[in-house]
Amino acid sequence: MSISRGTARPVPRWAEWAARAVPWLVLPSGLWRIALGLGVPVGFTGELARLFHGPGWITPYVIALTALAEAAALLTLGLVRRWGEVLPRWVPWFGGRAVPVGLAVTVAALGVLALTALAVPTVAAWNGPQNMGDPDAPQGLAGAVMTACYAPQLAWPPLLAVVTYAYWRRRRGEGQSAVGKP
């Protein structure tokens, strides 16, 4: 079954749900980072506790990182909404113009590649000496909470990939002439 949110062609329900899930999957890690930046004890000890002590230099960094990650996650919704097909009128210079399918798909595909390139080494080294294997890193319950906050992000690259595929399938052929179409 498909649904339409003002899009030119209906969006598959599974693509809508996948796109909606992405910002929610990114949110727990952002909340954890902001807690760290505000000085909530999240389990770091020793040198790492001194390095990551908040509030301090880390506070604006984690807030900006969280805002950037959440904004990027929210862009996934553009692949299932009208504003992913035609830019809103309030966008300077380009408002009201159609979003080129190839551009949207290329940017989203590069996002999938970048997220995968970040996720694979992170997962591979999660318990390594520079990460959770560091004795000053959160351990026990604090380590489990941190892992639970970051683990959902692993679904981001595959969800973005399938939503990008759905966008491409739905919009392919737009802007081409009818001549030469099979």
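So, here is what we can say about the structure in this document.

Cut-off values and rules
- Residues numbered from 1 in each chain as written.
- Predicted model: local features only at pLDDT ≥ 70, side-chain atom pairs only at ≥ 80, totals over all residues.
- Heavy atoms only, no water.
- Helix = DSSP H or I, 4+ residues; strand = E, 2+ residues; numbered from the N terminus.
- Rg over C-alpha atoms; globule rule 2.2 N^0.38 Å.
- Areas by Shrake-Rupley, 256 points an atom, 1.4 Å probe, with all protein chains shown as cover.
- Core = buried A, V, L, I, M, F, W, Y, C linked by side-chain atoms within 4.5 Å.
- Buried < 20%, exposed > 50% of the residue type's maximum accessible area, 1.4 Å probe, protein only.
- Contact = heavy atoms within 4.5 Å.
- Salt bridge = Lys/Arg side-chain N within 4 Å of Asp/Glu carboxyl O.

### Regarding the overall build of the protein
Counting secondary structure elements, the protein contains six helices and two strands. What you see in the protein, going N to C, is helices and strands ordered as β-β-α-α-α-α-α-α. Since a compact globule built from 182 residues should have a radius of gyration of about 16 Å, the 20 Å found for the protein marks it as more spread out than a globular shape. When the accessible surface of the protein is split by element, carbon and sulfur atoms take 72% of a total near 10,800 Å².

### Quick look at the nonpolar core
Residues L79, V80, W156, L160, V163 and Y167 are the most contacted members of the largest nonpolar core, which totals 24 residues. Beyond its immediate sequence surroundings of up to four residues, W156 is in contact with V22, V26, A69, A72, A73, T76 and L115. L36, V42, F44 and C149 belong to the second-largest nonpolar core, a separate cluster that totals 13 residues.

### Looking at the pattern of salt bridges
Applying the stated rule across the entire model yields five salt bridges. One salt bridge connects E16 with R81, and the closest N-O pair in it is separated by 2.9 Å. You can see E16 sitting in helix α1 (residues 13–37) and its partner R81 sitting in the loop between α3 (58–75) and α4 (101–124), a full 65 residues away along the chain. In this structure, E16 and R81 share a single accessibility class: buried. Members of the salt-bridge network, linked through shared partners, are E16, R20 and R81.

Treat this as a map of the structure, not an account of what it does.
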